[in-house]
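Breakdown of the fold
Each chain is listed here by its residues.
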Amino acid sequence: MIDGVIKYHVSHTQIPSPEFTAFHDLEALRCRLFALGLIGETPDGIGYGNISFRNNGERSFTITATQTGKQPHLKPNAYIHIVNYDFGTFTVFSEGEFKPSSEALSHAMIYEIHPDIQAVIHVHSAALWQMMIKQKILATTAEYGTAEMVREIAALYQSRNPFKYNAFVMKGHKDGIITFGKNIKEAELRLYHLIQETLNQI
C-alpha cells in the first residue's frame, strides 16, 4: 500500500487557492507538527500527515494539498478548499491550485459527526500508534482513504461523545493517528496528551 495516493473521485476546479482567515493558525500548527516529525516524508519519498479546518459552510473545509509532507512550510496555495463532498459517489469537490490530501473524505466524515468539530489533525508516529493499539484506544481497521474507512469512522461515533473520544488510531494505516476538536487548540492538545502517555511508558 502506497500512502498519499488519492482513492476517491475528485471533481477539482483549478483556480488560485481561495483565501481563508485561519491560514496563519493552521500553518503555525502544521509547522509545530512538522518539527516534531509527525508530518513529513518517508525515506522512499512518500509524504504523510495532513490537517484541516472547517470553513463557514457546513460541508466546506480547507485541507493541505496532497504530497506536501516534505515541505517544512506551506504557502496559502498549498491549502485546498473543499466546497462539498458526496459519500454516496465517494467524491470530493475541491478548488485550488493542487488536488487535496488523500484523506479528504475521512476528514469530511469527522466533520459530519458533529457541527462543532472545527479542526482535524492526521499525523504519523510509530511509537504513538503502537501505544494506542496496546491501550485499545478507539480504532479503525480499514485502509486509509477508502469507503470502508469512512464508514468505520461514522460507526465509531454512532453512540460515543466525539468530544470525550476525540482521537482514534488507524490500524489499517500504519503509524496513522487522528485527533480533532472544537478548535485547533483542542485538537492539538489531545494529540500532545497522547504523546505524553507514550513517553510515560518508556
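Presented here is a report on the structure given in the accompanying data block.

What counts and what doesn't
Residues numbered from 1 in each chain as written. Predicted model: local features only at pLDDT ≥ 70, side-chain atom pairs only at ≥ 80, totals over all residues. Heavy atoms only, no water. Buried < 20%, exposed > 50% of the residue type's maximum accessible area, 1.4 Å probe, protein only. Helix = DSSP H or I, 4+ residues; strand = E, 2+ residues; numbered from the N terminus. Pairing = 2+ DSSP bridges. Right-handed = clockwise from strand over helix to strand, strands pointing away. Core = buried A, V, L, I, M, F, W, Y, C linked by side-chain atoms within 4.5 Å. Axes fitted to C-alpha atoms, helices over the stretch in contact; angles between N-to-C directions. Parallel < 35°, antiparallel > 145°, perpendicular 65-115°, else oblique. Left-handed = near helix turned anticlockwise from the far one by under 90°. Contact = heavy atoms within 4.5 Å.

**Notes on helix 2 (residues 104–113)**
When you tally the buried positions in helix 2, you get 8 out of 10 residues, the bulk of the element. Listing the buried residues of helix 2 in full gives Ala-104, Leu-105, Ser-106, His-107, Ala-108, Met-109, Ile-110 and Tyr-111.

**Topic: the pairing of strand 10 (residues 167–170)**
Here strand 10 shows no split at all, with Ala-167 and Val-169 on one side and Phe-168 and Met-170 on the other all buried. For strand 9 (residues 139–140) and strand 10, the ladder comprises 2 bridges, and the chain directions are parallel. Pairing of Ala-139 across the sheet is with Val-169, part of strand 10. Since strand 9 and strand 10 lie parallel, the crossover through helix 4 (residues 147–156) that links them has a hand, and here it is right-handed. Of the pairings in the sheet, the one linking strand 10 to strand 11 (residues 176–181) comprises 4 bridges and is antiparallel in character. Paired with Ala-167 across the strands is Thr-179, a residue of strand 11. Counted along the chain from strand 10 to the antiparallel partner strand 11, the turn is 5 residues long, and its residue Asp-175 has a positive phi close to 75 degrees.

**Details of unusual backbone geometry**
For Phe-90, which is not glycine, the phi torsion reads 55 degrees and is therefore positive. In this structure, Phe-90 sits in the loop between strand 6 (79–86) and strand 7 (91–96). Within the chain, Asp-175 stands out as a residue other than glycine whose phi angle is a positive 75 degrees. Tracing the chain through its elements places Asp-175 in the loop between strand 10 and strand 11.

**Topic: the nonpolar core**
Of all hydrophobic cores here, the largest spans 54 residues; its most connected members are Leu-33 and Phe-168. In terms of residue count, helix 2 provides more of this core than any other element does, 6 residues in total.

**Description of the packing of helix 2 against helix 4**
Taken N-terminus to C-terminus, the directions of helix 2 and helix 4 make an angle of 20 degrees; their axes are 9 Å apart at the nearest point. With respect to each other, helix 2 and helix 4 are oriented roughly parallel. Seen along the crossing, helix 2 lies across helix 4 with a hand that is right-handed. On helix 4, the residues that touch Leu-105, Ser-106, Met-109, Ile-110 and Ile-113 of helix 2 are Met-149, Val-150, Ile-153 and Ala-154.

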